[in-house]
Structure formats: structure tokens, C-alpha cells
Amino acid sequence: ASLIALDVTASVNYGTLTLGADSAVQTITFTQTGNRSYDFNRSVDGAMICDGVGSQNIAAGQVKRHLTDAAFLWTDVAAVALTTIATEDELNMGRRSNDASALTAPYYLRLRMPATGLRGTCTNTATFTAIAEEAA
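Values in this document were obtained by computation on a predicted structure and should not be read as measured data. (Residues numbered from 1 in each chain as written. Predicted model: local features only at pLDDT ≥ 70, side-chain atom pairs only at ≥ 80, totals over all residues. Heavy atoms only, no water.)

**Some words on the sheet that holds strand β3 (residues 38-44)**
Reading across from one edge, β7-β3-β10 is the order of the 3 strands in this open sheet, with antiparallel pairing throughout. Each end of this open sheet is capped by a strand with a single partner; those strands are β7 (87-93) and β10 (126-132). Within the sheet, the average angular offset between the axes of one strand and its neighbour, ignoring direction, is 30 degrees. Two elements, β3 and β10, share 7 bridges in a ladder whose sense is antiparallel. Residue S43 lies in a different strand from β10, and its bridge partner there is T127. (Pairing = 2+ DSSP bridges. Helix = DSSP H or I, 4+ residues; strand = E, 2+ residues; numbered from the N terminus. Axes fitted to C-alpha atoms, helices over the stretch in contact; angles between N-to-C directions.)

**A short note on unusual backbone geometry**
Working note: non-glycine residues mostly have negative phi, and peptide bonds are mostly trans. Of note, N92 is a non-glycine position whose phi angle comes to about 55 degrees, a positive value. For N92, the location among the structural elements is in strand β7.

Rendered as C-alpha cells:
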């Protein structure tokens, strides 16, 4: 039987950032828990909602991802902004050959803080849905 399944790092904490600054690159890890190759769709539920009195929120596009560069800059052309629209990422997670050896893949994220208007803790939810990798 074929099973497409993944585990993903539960949360990302960008830490305390200065307005207008870029965060350090954060890494989440995908772990293959099924037995079929997959890519995935990614989306966020909207802007990061900030709980500070009078605070604005952080637009979804202020977080960018990179599939291969653990030191990417927010301005890199290969860095892709997260959106509320489910979009496929070509992770190319292979098949596990046995239950003893987990396959993992890193996924890199960086946040650019807006220059003004933010206070408090800001949160949102990202969703990653495994999809069968198409046969070549």
C-alpha cells in the first residue's frame, strides 16, 4: 500500500527583532513518515497577528523561504515569499528504504520586520500538505 505522510517541525521562533531588521535564518525539518516520494503545498493562514496595543500586523509575504541555502538573504532572487495561496514546493522527498532510517529535508525561513508600527508577539500558522510526486 502507498502512504504519503510527513512530520514537520512544530514551530518557528524568530526571536526579538528590531523594526526593519531581518531575522536569522530559521530551519524547519521535514521527516518522511510514509513510503512514497512527495513534494508539498505550503500556505500561511494570513498576516502574522501582533498582540501589542495599537500594533499593525506583519504581512504574510514578509517571510521568505529557500529550499537549499541555509544562509540566504531575504533579498535573494531564489527566496520565495510565503502566501495564503497553497503553492507547491519541489522538495523531492524520496522514499524511505526501511523503518530504521528516517529521511529528512531542511526548509529555511527568514522574516523581514516592517520598519514601523509593530508591538508585542506576532503569530500565524503555516500549513504543509504532502502531495504525491509526479512520475518523471
